[in-house]
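# Observations on chain architecture
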Amino acid sequence: MQRAAQDHKVPHASILLGPPGRGGLPIVRALIARMLCKNPEGGDSCGECSNCQKTHHLSHPDIHWTVPTIGSRSTSADVIQSWKEMMMTQPYSSLSDWQEKIEAENKQFNINVREIQDIIEFAGMKSYQGEEKFLVIWMADHLALDGNRLLKMIEEPPNGMYIFLLAQGRESILNTILSRCRLLVLDPLTDEDIQAFLQNEKKVDSPTAQSLAFQANGNLNTALRSVEQAQDAGFLDFVDWMRACYTGRTPDIIQRADAFAKMGREAQKHLIQVGLNTLQAILTHQYLGAEQLRLPVDHQKPVKNLAKLLNIQQIDQVVQLLQTAGQGLRQNAHAKILYTHISHQIHLVFHSN
């Protein structure tokens, strides 16, 4: 897309698909900077002109930033300064980081009707400093059915307007929107690129940076969080849950289910994803051996222990149960009842041999 930006042939509506740790937001910022730059240097922006500086600082008036918010009345304008502060510090930030930033762990994000109205109003305005303006929707996964109100604008944007949607998964994007946009699937970053970033930007020593890059599996945000956290609490929560499922003691299962139910919906979704990632690690252990595990050293022993208890067929069954739990969360199922039921089902899988 860099060449397209240089030639001003960027599609008017694009979806960049992949976890934030693959760099979707930095890519979009670089593209916009190149298109707005007053003194471009080949395929790059100059980085010095007023347009480049405003784009870098997320303050250009011809860029509308849409982010998920809480509730039916809050819009991006209410929280955008907090989001910009987060992105200026860490442009690879995830939805979990955003939750922590605005202390929304027990709330569910959405992009609501009022924000969509603000977007439509922005589309109808003239640009402030030139002929081009830009809409960037971060975490467009949170556009619900009301996102269909944007279809006409996406299909036929106002002259000079470019739309970028950043999303984590194709399945979470409305098909009506997906069919009207150019889709770009972001590749995982290389271990070498992540290692270099950690060493140059975070001053991590070479052996540690190499280890963290390998564990991150192409996601820079994962590596950065590992720098800040000695261990992943979500992983430990999942392992403790599996231990409770294995023993099958009802008080233990109820205790874990009660703890999960108090975590908040997004944190619960994160737990499910951690579980799916862990089961993928178990499959890696089964097929390729322990040396291929992309996990911190202190996480590898629990994975190896779980690998002794689950064969491939059982792993597939647990994956299906976790996916069922995730679907239940999206449908606002009663969390404690859901986790209790799923836990007993996993117990049966553990002892199905």
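Calculation notes
Throughout, residues of each chain are indexed from 1 in the direction in which the sequence is written. Where totals are concerned, whole chains, interfaces and linings use all residues; where local detail is concerned, this predicted model gives features only for residues with pLDDT of at least 70, and gives and counts side-chain atom pairs only at 80 or more. As a rule here, side-chain values come from all non-hydrogen atoms in the structure, and water together with hydrogens is ignored. Both site types are read off a 1 Å grid over the protein atoms alone. A 1.4 Å probe that fits but cannot get out defines a cavity, while an open set with protein on both sides within 12 Å along at least five of seven lines defines a pocket; lining residues have an atom within 4 Å of a point. Grid points are joined across faces, edges and corners, and a volume is the space filled by probe spheres set on the points. Only DSSP runs of H or I reaching four residues or more are called helices, and only runs of E reaching two or more are called strands; each is numbered from the N terminus. Residue classes follow a fixed rule: Ala, Val, Leu, Ile, Met, Phe, Trp, Tyr, Cys and Pro count as nonpolar, while Asp, Glu, Lys and Arg count as charged, and any other residue, Gly among them, counts as polar. Salt bridge, as applied in this entry: a Lys or Arg side-chain nitrogen positioned within 4 Å of an Asp or Glu carboxyl oxygen. Throughout this description, buried means an accessible area under 20% of the type-specific maximum (1.4 Å probe, protein chains only), exposed means over 50%, and partly exposed covers the range between. Two strands make a pair as long as DSSP finds a minimum of two bridges between them. Working convention: axes come from line fits to C-alpha atoms, limited for helices to the stretch in contact. Angles between N-to-C directions cover 0 to 180 degrees. Only heavy atoms matter for contacts: two residues are in contact if any of them lie within 4.5 Å across the pair. Predictor confidence is given residue by residue as pLDDT, running from a minimum of 0 to a maximum of 100.

### Some words on empty space enclosed by the protein
Where empty space is left in the structure can be found by rolling a water-sized probe over the atoms. Across all of its chains, the model carries one cavity of 30 Å³ or more by this definition. By volume, the largest cavity is sized at about 100 Å³. Around the largest cavity sit 14 residues that line it, and Gly18, Pro20, Gly24, Trp138 and Leu166 are the ones nearest its centre. Those elements giving two or more residues to the lining of the largest cavity turn out to be helix H2 (24-36) and strand S6 (161-167). Considered class by class, the residues forming the lining of the largest cavity number 10 nonpolar, four polar and no charged.

### Looking at unusual backbone geometry
With the exception of glycine, the majority of residues adopt a negative phi angle, and the majority of peptide bonds are in the trans configuration. In the Ramachandran plot, Leu58 falls in the positive-phi region, its phi being about 60° despite a non-glycine side chain. Residue position: Leu58 is located in the loop between helix H3 (50-56) and strand S2 (63-66). Of note, the phi angle at Glu103 is positive, near 55°, even though the residue is not glycine. Structurally, Glu103 is set in the loop between helix H5 (95-101) and strand S4 (109-110).

### A closer look at the pattern of salt bridges
Under the counting rule described, the total for this entry stands at 10 salt bridges. Arg149 is the salt-bridge partner of Asp146, the closest N and O atoms lying 4.0 Å from each other. Residue Asp252 is joined to Arg249 by a salt bridge in which the shortest nitrogen-to-oxygen separation is 2.7 Å. Judged by relative accessible area, Asp252 falls into the partly exposed class, the value being 24%. With a relative accessible area of 45%, Arg249 lands in the partly exposed category. Sharing partners across several salt bridges, the network here consists of Asp97, Glu100 and Arg225.

### Here's the deal with the pairing of S6
Of all seven residues in S6, seven are buried; the element is thus mostly enclosed. Here S6 shows two buried faces, one formed by Met161, Ile163, Leu165 and Ala167 and the other by Tyr162, Phe164 and Leu166. Examined bridge by bridge, strand S1 (residues 13-17) and S6 share five bridges and lie parallel to one another. In the sheet register, Ser14 faces S6, and the bridge partner there is Phe164.

### Description of the sheet that holds S1
Judged by pairing direction, the sheet is parallel, and its five strands sit side by side in the order S2-S5-S6-S1-S7 without closing on themselves. The strands lining the two open edges of the sheet, one partner per strand, are S2 and strand S7 (182-185). The average angle at which neighbouring strand axes cross in this sheet is 15°, direction not considered. Running over the sheet, helix H4 (residues 76-89) touches S2 and strand S5 (133-138) and is turned about 95° from S2. The strands that helix H6 (residues 113-123) touches are S2, S5 and S6; relative to S2, the one it contacts most, it runs at about 170°.

### A word on the confidence of the model for the chain
When pLDDT is averaged across the chain, the result is 88; 93% of the residues are at 70 or more. For the chain, the element scoring lowest by mean pLDDT is helix H1 (residues 2-6), at 54; S2 scores highest, at 98.

### A closer look at the pairing of S2
Burial along S2 is two-sided: the face carrying Ile63 and Trp65 and the face carrying His64 and Thr66 are both buried. In this sheet, S5 lies alongside S2 in parallel orientation, the contact comprising four bridges. In the strand pairing of S5, Thr66 is matched with Ile137.

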